[in-house]
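# Residue-level structural notes
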Amino acid sequence: MLDTPATKAAPSLLYMVKQVELVVRSHLDELVKPSGITALQYTALTVLERHDGLSAAQLARDSFVTAQSIADLVRSLENRGLVRRERNPRNRRELLILLTDTGRELLARHAEPVRELEERMVRDLTPHQTQQLRQALTQAWHALS
């Protein structure tokens, strides 16, 4: 029997989520490239914007990168003056990573283009469907965390 559109199985949800992730990352890379950063670096900066003063381990978890790769990522951002590290006053052995004013300015410059990218992603959805998508993705994340 030949495969026709009617007989082909729909792609798995995991495959579809990965497709969305890859296309979003590609567009985000293009948006932030003029500033000399990557989508992964941008993500780390947005994490710090929401929760400033994280340890490297926490920043790695919240930025979806390994603990090993966060060191290089933070070093690069620090060399650009986008983040700084300082000792945790409650645990002098721990360094906290903080967003600098330069980092905040970079995020502010990209806020509108990133918002437009997100709007483009959901432009064919109603506001209710967009909210449902947000809730479904949150529930899926919690189920696997």
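Here the structure is a predicted model, which is why all the values come from computation and not from measurement. (Residues numbered from 1 in each chain as written. Predicted model: local features only at pLDDT ≥ 70, side-chain atom pairs only at ≥ 80, totals over all residues. Heavy atoms only, no water.)

Turning next to the nonpolar core. Core analysis: the largest hydrophobic core is formed by 24 residues, its most contacted members being Ile 37, Leu 45, Leu 59, Leu 77 and Val 83. Contributing elements (two or more residues each) for this core: α1 (13–32), α2 (39–50), α3 (56–63), α4 (67–79), β2 (91–99) and α5 (101–121). The element that contributes the greatest number of residues to this core is α2, accounting for six residues. Each residue touching Val 83, except ones within four places of it in the same chain, is listed here: Leu 45, Leu 48, Val 74, Leu 77, Glu 78, Ile 97, Leu 98, Leu 99 and Thr 100. (Core = buried A, V, L, I, M, F, W, Y, C linked by side-chain atoms within 4.5 Å. Buried < 20%, exposed > 50% of the residue type's maximum accessible area, 1.4 Å probe, protein only. Helix = DSSP H or I, 4+ residues; strand = E, 2+ residues; numbered from the N terminus. Contact = heavy atoms within 4.5 Å.)

It is worth spelling out the pairing of strand β1 (residues 83–88) at this point. Of the strand pairs in this sheet, β1 and β2 are connected by six bridges, and their pairing is antiparallel. If you follow Glu 86 over to β2, its bridge partner there is Leu 96. Hairpin remark: β1 followed by β2, antiparallel, with two residues in the connecting loop. (Pairing = 2+ DSSP bridges.)

To continue, consider unusual backbone geometry. Its identity is not glycine, yet Phe 64 carries a phi of approximately 65 degrees, on the positive side. Locating Phe 64 in the fold gives a position in the loop between α3 and α4.

We now examine the packing of α3 against α4. Where α3 contacts α4, the two axes come as close as 9 Å, and the packing angle between them is 100 degrees. Looking at the two axes, α3 sits roughly perpendicular to α4. Here Ala 56, Leu 59 and Ala 60 of α3 come into contact with α4, specifically with Ala 67, Ile 70 and Val 74. In terms of residue class, the contact of α3 with α4 is made up of six nonpolar, no polar and no charged. (Axes fitted to C-alpha atoms, helices over the stretch in contact; angles between N-to-C directions. Parallel < 35°, antiparallel > 145°, perpendicular 65-115°, else oblique. Nonpolar A, V, L, I, M, F, W, Y, C, P; charged D, E, K, R; others polar.)

With that out of the way, let us pick up the side chain of Ser 35. With respect to the helices and strands, Ser 35 occurs in the loop between α1 and α2. Owing to a relative accessible area of 12%, Ser 35 belongs among the buried residues under this scheme. Polar side-chain contacts of Ser 35 include one of 2.7 Å to the side chain of His 110. With near-sequence residues (within four places) excluded, Ser 35 lies in contact with Arg 80, Leu 106, Arg 109 and His 110. (Polar contact = N/O pair within 3.5 Å; in protein donor to acceptor, adjacent residues only side chain to side chain.)

Scope: geometric values only; no functional claims are made or implied.
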